[in-house]
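# Observations on chain architecture
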Amino acid sequence: MDFLYDDEQDALRDAVKGLVGKAYGDYENRRRTVAPAEGGSDPGFDEKLWVRMAEMGLLGLPFAEEDGGVGAGPVEIGIVCQELGRVLAPEPYLTSVVLAGGLISACGTAEQRQELLGALSAGESVPAFAHNEPGRGWTPTADQVEASQDGDSWTISGVKEPVAHGARADVLVVSAKLPASDSAERGTGLFVVDGSDADRTGYATYDGTRTARVSFDATAATPLGEPGADLTSSISTVQDITRVMAANQALGAMQFLLPTTCDYLRSRKQFGVPLSSFQTLTFRAADMYVSLQLAHSMVDWATLVVARAANDGGDPAAVADAARRVSLQVSRSGRHIGQEAIQLHGGIAMTMEYSVGMYTAHLTALDHLLGDGGHHLRELAGAVTTYGALDPLG
């Protein structure tokens, strides 16, 4: 595998770094952007920057040209996610473009893709995937929200929470349990709902981003793709791709935390000497470096697995395996690097005015977005079927 970026990919990284770095290179700008407004109706991100991202082609990067996109691959999407993570940009690129947009691209009809992805690519719309349900784990199926059919009309009822940027979303892509059928078990379908038709309560999360509780009560909905089709496998695959891109975003955050911590150790003095002169602290910084390199290599590998699957027509099993492995490693590395960054900075890292604590909070949020390390470890362990049971007394 070639892990080096080509000239176009390097140019993309520089362009994204210039755009989001200007907006959030100063951490105070990020703090002001995510500060909750009176009444809680604010989007939690810079909508003008969202439009500028569209003008650069970033919002349409993953989608086919006939759908209004650019037709770029997973490597390019990963580059964008890394740069967003490096400055802690609150824009919903991961959840709106990669996750919700990915589902529309994978499951929608040609007309739906052109309409919904065209508006997203132009910066005119913010879609959100309403899938998580209270009390349920990270699965590709829906249970508490159910769909009903009356002729050609569909409605959905139930509650989704948390829905990332659900209060701001113009369009909701909602997963729902399909009606009972004599010929098949009840599967999970996807439906498009206008954001204003749902009852939404938005609130800020611990990393400053926004989420919402979204309720449906016989709300009119349009099936995404073929009406009544079970889309569980498509949901699972797009979730796996999003997990790999979330790992890219986490990598960007970790790549900020390590040099920031090392610079602090060199500049901060204790007993008249820099903290970097204490061998124990430098050993801890070295361990952070090892964790970062482990995460970096796994992220590059998983991204290339997704890219190869996209080029070869798709191998969901390989993508799922890569997503689990990279999510586990990034979960461990992110927790280690975040906690050590806070410890080595001391009390200042716990203040809202300093970035280190918020970066660690964001790494935790990414870890729980589509399954934490423990979840993926269980999934990997459950997939080990090539060995028989071992009798320790045999």
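This structure is a prediction, so every number in the text was calculated from the model and none was measured.

## Some remarks on helix α1 (residues 7-24)
An ideal rise of 1.5 Å per residue puts 26 Å on 18 residues; α1 measures up with 25 Å between its terminal C-alpha atoms. Turning to α1, its buried residues are Gln9, Leu12, Arg13, Val16, Leu19, Val20, Ala23 and Tyr24. One side of α1 holds all its buried residues, which, seen down the axis, span an arc of 140 degrees. Every exposed residue of α1 that faces more than 90 degrees away from the buried side is listed here: Asp7, Asp14 and Lys22. Tucked inside the fold, the buried residues of α1 contact α2 (27-34), α3 (47-55) and α4 (74-86). One side-chain oxygen at the N-terminal end of α1 lies 3.2 Å from the backbone nitrogen of Glu8; it belongs to Asp6.

## Points about unusual backbone geometry
With omega at 0 degrees, the peptide bond leading from Glu161 into Pro162 counts as cis. Here the phi dihedral of Leu88 falls at roughly 60 degrees; this positive angle occurs in a residue that is not glycine. Along the chain, Leu88 falls in the loop between α4 and α5 (93-107). The buried category is assigned to Leu88, whose relative accessible area is 0%.

## Notes on empty space enclosed by the protein
The rolling of a water-molecule-sized probe over the atoms marks out the regions of remaining empty space. The full count for this structure, using the stated rule, is three cavities of 30 Å³ or more. Roughly 60 Å³ of volume is contained in the largest cavity. Taken together, the elements giving at least two residues each to the lining of the largest cavity come down to β6 (199-204) and β7 (210-223). Here the lining of the largest cavity is built from residues that sort into three nonpolar, five polar and three charged.

## Some thoughts on the packing of aromatic side chains
Going through the model one piece at a time under the given rule, you end up with three aromatic pairs. Both rings, one in Trp154 and one in Phe191, keep their centres 5.4 Å apart while their planes meet at 45 degrees; by these two values the pair is tilted. You can see Trp154 sitting in strand β3 (residues 153-164) and its partner Phe191 sitting in strand β5 (residues 188-194), a full 37 residues away along the chain. Comparing Trp154 with Phe191, the two get one shared label, buried.

## Points about a negative patch on the surface
Together, Asp6, Asp7, Glu8, Asp10 and Asp14 make up a negatively charged patch on the protein surface. Within the secondary structure, Asp7 sits in helix α1. Relative accessible area serves as the criterion here: at 67%, Asp7 is assigned to the exposed category.

## Regarding the packing of helix α9 (residues 316-345) against helix α10 (residues 355-369)
Between two packed helices, both the angle of their axes relative to each other and the distance between the axes serve to describe the pair. Relative orientation of the contacting elements α9 and α10 amounts to 165 degrees, with a least axis distance of 9 Å. Classified by the angle between their axes, α9 and α10 sit roughly antiparallel to one another. The element α9 and its partner α10 pack so that their crossing is left-handed. Where α9 abuts α10, its residues Ser331, Gly334, Gly338, Gln339, Ala341, Ile342 and His345 lie against Val356, Gly357, Thr360, Leu363 and Asp367. Residue composition of the contact of α9 with α10, by class: four nonpolar, seven polar and one charged.

## Topic: the environment of Ala89
Within the secondary structure, Ala89 sits in the loop between α4 and α5. Sequence separation between Ala89 and Tyr24 is 65 residues, and the spatial gap between their C-alpha atoms is 6.6 Å. In this view, Ala89 contacts Tyr24 and Leu84; residues no more than four positions away in its chain are not counted.

Thresholds, definitions, all that
- Counting of residues starts from 1 at the beginning of each chain's written sequence and follows it residue by residue.
- With pLDDT at 70 or above as the cut-off, local features in this predicted model cover only qualifying residues; side-chain atom pairs require 80 or more to be listed or tallied, and sums for whole chains, interfaces and linings still use all residues.
- Hydrogens and water are ignored here; the side-chain numbers use all heavy atoms of the structure.
- The helix count covers DSSP runs of H or I at least four residues long, the strand count covers runs of E at least two residues long, and both are numbered beginning at the N terminus.
- Between the first and last residue of a helix there are one fewer steps than residues, each counted as 1.5 Å, and that sum is the expected span.
- The buried label goes to any residue with under 20% of its type's maximum accessible area, the exposed label to any with over 50%, and the partly exposed label to all in between, with areas taken from a 1.4 Å probe on protein chains only.
- This arc describes the spread of directions from the helix axis toward the C-beta atoms.
- It only takes one pair of heavy atoms within 4.5 Å for two residues to be counted as in contact.
- Within 3.5 Å is the distance limit for a polar contact, defined as a pair of N or O atoms, with the added protein rule that one can donate a hydrogen and the other accept it, and that residues adjacent in sequence qualify only through two side-chain atoms.
- Points on a 1 Å grid over protein atoms alone make up a cavity when a 1.4 Å probe fits among them but cannot get out, and a pocket when they form an open set with protein on both sides within 12 Å along at least five of seven lines; lining residues each have an atom within 4 Å of a point.
- Grid points are joined across faces, edges and corners, and a volume is the space filled by probe spheres set on the points.
- Amino acid classes used here: Ala, Val, Leu, Ile, Met, Phe, Trp, Tyr, Cys and Pro are nonpolar; Asp, Glu, Lys and Arg are charged; the rest, including Gly, are polar.
- Note on aromatic pairs: the rings of Phe, Tyr and Trp (six-membered ring only in Trp) are paired at centre separations within 6.5 Å, and the planes decide the class, stacked below 30 degrees, edge-to-face beyond 60, tilted for the rest.
- Each patch is built from salt-bridge-free residues with over 30% relative accessible area, joining like charges within 9 Å and nonpolar side chains (Val, Leu, Ile, Met, Phe, Trp, Tyr) within 5 Å.
- To measure how exposed things are, a 1.4 Å probe is used in the Shrake-Rupley method; for residues, cover is taken only from the protein chains shown.
- Put simply, a salt bridge is a Lys or Arg side-chain nitrogen that is within 4 Å of an Asp or Glu carboxyl oxygen.
- Only four residue types enter the charge count: Lys and Arg as positive, Asp and Glu as negative, with His and the chain ends excluded.
- For this purpose, a charge sits on NZ of Lys, CZ of Arg, CG of Asp or CD of Glu.
- Interaxial angles span 0 to 180 degrees and are taken between N-to-C directions of axes, which are lines fitted to C-alpha atoms, for helices over the stretch in contact.
- Should an angle fall under 35 degrees it is called roughly parallel, over 145 degrees roughly antiparallel, and 65 to 115 degrees roughly perpendicular, with every other angle called oblique.
- The hand of a helix crossing depends on one turn: near helix anticlockwise from the far one by less than a right angle means left-handed, and clockwise means right-handed.

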